[in-house]
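This is what each chain is made of:
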Amino acid sequence: MSPEVLHLDYNAGAPPDEEALEVFLRTARALPGNPSSLHRLGRRARAVLEDAREEIGALLGTLPRELVFTSGATEANNLALLGVARAARSLGTPLRLIASEAEHPSVLAPLRRLQQEGHPLELLPIGRDARVREEALAAALARPGPALLALQWAGNETGCLQPLGTAVAGLREDLHLHVDAVQGFGKLPLAPELEAASTWSLSGHKFGAPRGCGLLRVQEGVFLESLQAGGGQERGLRPGTECPAHAAALATALRRALERQEDFARETASAARALLQVLDREGVEYRSQHPPPGEGLPNTLSLSFPGTDGRALLLACDAEGLAVSSGSACASGAAQPSAVLLAAGLSEAEARATLRISFGRPSGATLGEEAGRRLATILRRSYEARKP
Ligand code: PMP
């Protein structure tokens, strides 16, 4: 019989929260109208959409009118980066682009596109834990001239926190700060720096909203060009018929994730600690990239197992019911070692032999121990198989 599958890939996606799902269904059933229609059904749909925006604004300390609903964070990051840079260029003040090497592909790919369009791009080096080097950030911030800085709140791969405080301290009139805040919500206390960031992005499916909803915060006074032309919804920044059911479910999931953030942090940290204790007890050899306890995402472990074949390791984890991520990203069918881990100084083989384990709720020491036991068994087998 196959073992019960343990979902240890929470940074990739959380299971939908039951209450948020119910809100989604109830709202979708109750609101047949299009929020832009002027009749009563349309007005009802509009009211639910705006109530959700209000609730999210209140939860995150943001003006509701600064929030633009999107399909997720990939769209929000693209809209922020392409939108801001293209708007600045059309106003005659092209931006220098700065980003950490740890950024998610949904940040780096639009920046590379802008680079092809002629914007200079500077990627800031990162350390072993994928945190940007403070001195490189400070030097980039000290250079004068209009610039756009993209820096994530927390890393999806190693769970490290980027120095948002340094970025905010360096803010000035002609510097746009975009924060990919996806991994922080519900896992960490809200970062006060988000208020000062010109734009930030959020993705619903990372904390229990149904897949396919997210948002971009656009601080008042920030000018950006929309990427699509259409009916003018979402202040023209994201035209297309809005989905009040998604918005209401997003608000519910966010409220519940923020209410339970401390439980999340305590339970997942305890699971992570227990897993490492089992590996230590069993004498499993590993190197870790995640930051020390209390300094990063509480739920995330990034472990490399020297000498193992990453693909075989991932298949063995799957067979043992461990749903984890590897240090390689599957792009167009070919498994490439993670660009972030390579930038953090791992070799290709080390990056491939890396597992990212990200716990969710319910969690705790028992889950961590079970995961650790299964992992230790897999690794023991793998080392045995390699013995001459
Ligand atoms: N940024 C980060 C840090 C992420 O982890 C993810 C999801 N893997 C995204 C952006 C993209 O979010 P979405 O899946 O909503 O497009």
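Predicted model only: the values in this text are computed from it and were never measured.

Cut-offs applied
Residues numbered from 1 in each chain as written. Predicted model: local features only at pLDDT ≥ 70, side-chain atom pairs only at ≥ 80, totals over all residues. Heavy atoms only, no water. Helix = DSSP H or I, 4+ residues; strand = E, 2+ residues; numbered from the N terminus. Rg over C-alpha atoms; globule rule 2.2 N^0.38 Å. Contact = heavy atoms within 4.5 Å. Areas by Shrake-Rupley, 256 points an atom, 1.4 Å probe, with all protein chains shown as cover. Lys, Arg positive; Asp, Glu negative; His and termini not counted. Charge placed at Lys NZ, Arg CZ, Asp CG, Glu CD. Near = heavy atom within 4 Å. Polar contact = N/O pair within 3.5 Å; in protein donor to acceptor, adjacent residues only side chain to side chain. 1 Å grid on protein atoms, 1.4 Å probe; cavity = no way out; pocket = protein on both sides within 12 Å on 5 of 7 lines; lining within 4 Å. Points joined across faces, edges and corners; volume = space filled by probe spheres on them. Nonpolar A, V, L, I, M, F, W, Y, C, P; charged D, E, K, R; others polar. Domains from an automatic or database assignment. Core = buried A, V, L, I, M, F, W, Y, C linked by side-chain atoms within 4.5 Å. Buried < 20%, exposed > 50% of the residue type's maximum accessible area, 1.4 Å probe, protein only. Pairing = 2+ DSSP bridges. Right-handed = clockwise from strand over helix to strand, strands pointing away. Buried area = accessible area lost by both parts, 1.4 Å probe. Salt bridge = Lys/Arg side-chain N within 4 Å of Asp/Glu carboxyl O. Axes fitted to C-alpha atoms, helices over the stretch in contact; angles between N-to-C directions.

Participant: What is the right way to read the overall build of the chain from this model?
Facilitator: Counting secondary structure elements, the chain contains 12 helices and 15 strands. Its C-alpha atoms give the chain a radius of gyration of 22 Å, near enough to 21 Å, the size a compact globule of 388 residues would have. Seen along its three principal axes, the alpha-carbon backbone of the chain occupies a region of about 70 × 50 × 35 Å. Within the chain, residue pairs in contact and separated by at least 24 positions form 72% of the contacts whose partners lie at least 6 positions apart. With an accessible surface of roughly 16900 Å², the chain has 53% of that area assigned to carbon and sulfur atoms. Positive and negative side-chain charges of the chain, numbering 41 and 45 respectively, have mean locations separated by a distance of 3 Å.

Participant: Just checking my understanding: could you explain the site of the ligand for this structure?
Facilitator: In the vicinity of the ligand lie 13 residues, with Thr-74, Asp-180, Gln-183, Ser-203 and Lys-206 positioned nearest. The separation between an oxygen atom of the ligand and a polar main-chain atom of Ala-73 is 2.8 Å. Within the side chain of His-205, one N or O atom sits 2.9 Å away from an oxygen atom of the ligand. Within the complex, 85% of the 390 Å² of free accessible area of the ligand lies under protein.

Participant: Any chance you could explain the layout of surface pockets here in plain terms?
Facilitator: Where empty space is left in the structure can be found by rolling a water-sized probe over the atoms. If you add up the space inside the largest pocket, you get close to 700 Å³. Contributing to the lining of the largest pocket are 36 residues, with His-104, Pro-105, Asn-156, Glu-157 and Arg-356 lying nearest its centre. If you list the elements that add at least two residues to the lining of the largest pocket, you get helix 3 (73-90), helix 4 (105-116), strand 12 (325-326), strand 13 (328-331), strand 14 (334-337), helix 10 (339-343) and strand 15 (354-358). When grouped by side-chain class, the residues that make up the lining of the largest pocket number 12 nonpolar, 18 polar and 6 charged. Two domains each put at least three residues into the lining of the largest pocket: domain 1 (6-14 + 260-386) and domain 2 (18-259). Lining the second largest pocket are 20 residues, and of these Val-84, Glu-173, Asp-174, Leu-175 and His-176 sit closest to its centre. Mapped by element, the contributors of at least two residues to the lining of the second largest pocket are helix 3 and strand 6 (175-180).

Participant: What am I meant to see in the nonpolar core here?
Facilitator: In summary, soluble globular proteins display a tendency toward joint burial of nonpolar side chains. Within the largest apolar cluster, 53 residues are counted, with the highest numbers of intra-cluster contacts made by Ile-56, Trp-153, Val-179, Phe-185, Trp-200, Leu-202 and Leu-250. At 7 residues, the largest contribution of residues to this core is made by helix 7 (residues 244-259). Counting contributing residues, this core receives three or more from each of domain 1 (6-14 + 260-386) and domain 2 (18-259). Membership of the second largest hydrophobic core comes to 23 residues, among which are Leu-313, Cys-317, Leu-322 and Leu-379.

Participant: Quick question: what am I supposed to make of the pairing of strand 4 (residues 121-124) here?
Facilitator: Along any regular strand, the residues point their side chains to alternate faces of the sheet. One ladder, built from 4 bridges, connects strand 3 (residues 96-100) with strand 4; its direction is parallel. Residue Ile-98 lies in a different strand from strand 4, and its bridge partner there is Glu-122. In this fold, the crossover linking strand 3 to strand 4 by way of helix 4 has right-handed handedness.

Participant: So what exactly am I meant to see when it comes to the domain arrangement of the chain here?
Facilitator: A common way to express how large an interface is: the accessible area buried when the components associate. Domain annotation for the chain reports domain 1 (6-14 + 260-386) and domain 2 (18-259). Distance from the C-alpha centre of domain 1 to the C-alpha centre of domain 2: 28 Å. Contacts between domain 1 and domain 2 engage 29 residues on the former and 30 residues on the latter. For the pairing of domain 1 and domain 2, the buried interface totals around 2400 Å² over both sides, and the portion due to carbon and sulfur atoms is 49%. Of all residues in domain 1, Arg-260, Gln-261 and Leu-297 give up the largest surface area on contact with domain 2, accounting jointly for 28% of the area buried on that side. Connecting domain 1 to domain 2 are 0 salt bridges. Between domain 1 and domain 2 we count 17 residue pairs in polar contact (both at pLDDT 80 or more) in total. Breaking the side of domain 1 that touches domain 2 down by element, the ones donating at least two residues are helix 8 (261-281), strand 10 (300-304) and helix 10. Here the side of domain 1 that touches domain 2 is built from residues that sort into 13 nonpolar, 11 polar and 5 charged.

Participant: Looking at this structure, how should I read the sheet that holds strand 9 (residues 287-288)?
Facilitator: Whether parallel or antiparallel, the strands of a sheet pair through hydrogen bonds between backbone atoms. With respect to topology, 4 strands assemble into an open sheet ordered 9-10-15-12, the strand pairing being antiparallel. The open sheet has two free edges, formed respectively by strand 9 and strand 12, since each of these has just one partner strand. Pairing geometry for strand 12 and strand 15, over 2 bridges, is antiparallel. By the bridge assignment for strand 15, Ser-326 is matched with Leu-355. Against the sheet, helix 8 contacts strand 10 and strand 15, and its axis sits at roughly 25° relative to strand 10.

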